[in-house]
Amino acid sequence: ILALGLLVNANLAGTPLAATRAESFTTLGNVYVAKGQFPQAKEEYRQALAVTPDYVRALAGLARAYDQTDSTEKAIGLWEKAIALDPEEMDLHFSLGFSYHAAGRLDEAIVQWQETARLRPEFAQAHFQLGIARHYLAAGIQKAGTGDDLGPQTGLLVGPELLAEIFVPEYRRLVSLYKGR
C-alpha cells in the first residue's frame with residue numbers, strides 16, 4: 001500500500017515513473033529490513049536498481065542488507081559505488097566504516113569515519129567510533145564483533161589509561177567544535 005501511494009503521489013507531482021518505481025522498491029526493501037526479512041529486502045533493492053542503476057538509496061539499502069547477512073565484501077562494493085555517486089553523503093561513509101571494520105580493515109574504517117567527521121563535525125558518533133578504532137589499534141585488534149559499538153573486547157581493554165589517552169581527546173575535540181559555533 002505504501003509503495004502504491006508513492007506511485008500515485010509521484011505521478012500527480014510529475015515525477016518520472018522510473019524514479020518513482022525505484023523509490024517504491026527501495027521503500028519496500030526498507031520495510032523488509034526493518035522486519036529482518038533480508039532475502040526479500042535484497043530482491044526489492046535489486047528491482048529498484050534494475051529500474052534506476054545509480055539510485056544511491058537502493059545501493060545503500062542493498063549494502064545494509066548484505067551487511068546484516070554477513071556478506072561484508074559485497075556490502076563494501078555497494079557502499080563504495082554509492083559514495084562514488086554521492087561523495088558528500090556522510091551516512092554512506094559512516095556505514096562503509098562499519099563494513100570495513102567487520103572485514104578486519106580497521107585502517108580503512110578510520111579513513112571513512114574521519115571523512116564522516118569532516119563532512120559533519122558535530123556528529124558525535126563519528127568521533128566516538130574514531131576513539132573506539134584508535135583504542136583497537138592501540139590494543140592490536142584489527143577486527144572486533146560489531147554487535148554493538150564496542151564489540152566483545154570490552155572490559156579489561158577499556159581501562160582508565162586508554163580512556164584518558166584515546167576517548168577523552170576525541171570528546172574534547174568535539175566539545176571545542178560545539179563551543180566554536
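See the structure printed just above.
Figured I'd write up the structure that's included with this text.

Scoring rules and cut-offs
- Residues numbered from 1 in each chain as written.
- Predicted model: local features only at pLDDT ≥ 70, side-chain atom pairs only at ≥ 80, totals over all residues.
- Heavy atoms only, no water.
- Helix = DSSP H or I, 4+ residues; strand = E, 2+ residues; numbered from the N terminus.
- Buried < 20%, exposed > 50% of the residue type's maximum accessible area, 1.4 Å probe, protein only.
- Areas by Shrake-Rupley, 256 points an atom, 1.4 Å probe, with all protein chains shown as cover.
- Phe/Tyr/Trp six-rings, centres within 6.5 Å; stacked < 30°, edge-to-face > 60°.
- Salt bridge = Lys/Arg side-chain N within 4 Å of Asp/Glu carboxyl O.

Here we look at the overall build of the protein
Okay, step 1: Helix and strand content of the protein: nine helices and zero strands.
Okay, step 2: Order of helices (α) and strands (β) in the protein, N terminus to C terminus: α-α-α-α-α-α-α-α-α.
Okay, step 3: Among the 181 residues that make up the protein, the fraction classed as buried is 38%.
Okay, step 4: As displayed, the protein has an accessible area near 9,600 Å², and 57% of this comes from carbon and sulfur atoms.

Things to note about the packing of aromatic side chains
Okay, step 1: Across all of its chains, the model carries three aromatic pairs by this definition.
Okay, step 2: Summarising the aromatic geometry, the rings of F94 and F98 are spaced 5.0 Å apart at their centres and angled 90 degrees between planes, so their arrangement reads as edge-to-face. A residue pair is termed a helical-turn pair when its members lie 3 or 4 positions apart in one helix, as F94 and F98 do in helix α6 (residues 90-102) at four residues.
Okay, step 3: Accessibility expressed as a relative area gives 26% for F98, which makes it partly exposed.
Okay, step 4: Ring centres 5.3 Å apart and planes at 65 degrees place the aromatic pair F98 and W113 in the edge-to-face group.

Focus: the pattern of salt bridges
Okay, step 1: In total, this model carries six salt bridges according to the counting rule given.
Okay, step 2: R118 serves as the salt-bridge partner of E88, at 4.0 Å between the closest nitrogen and oxygen. Pair noted here: E88 is in the loop between α5 (72-85) and α6 and R118 is in helix α7 (residues 106-119), with a separation of 30 residues, a long-range link.
Okay, step 3: When the shortest N-O distance is used, the salt bridge between R105 and E108 registers 2.7 Å.
Okay, step 4: Residue class for R105 comes out partly exposed when judged on its relative accessible area of 24%.
Okay, step 5: Judged by its relative accessible area of 32%, E108 falls in the partly exposed class.
Okay, step 6: Through salt bridges with shared partners, a single network forms among E73, R105 and E108.

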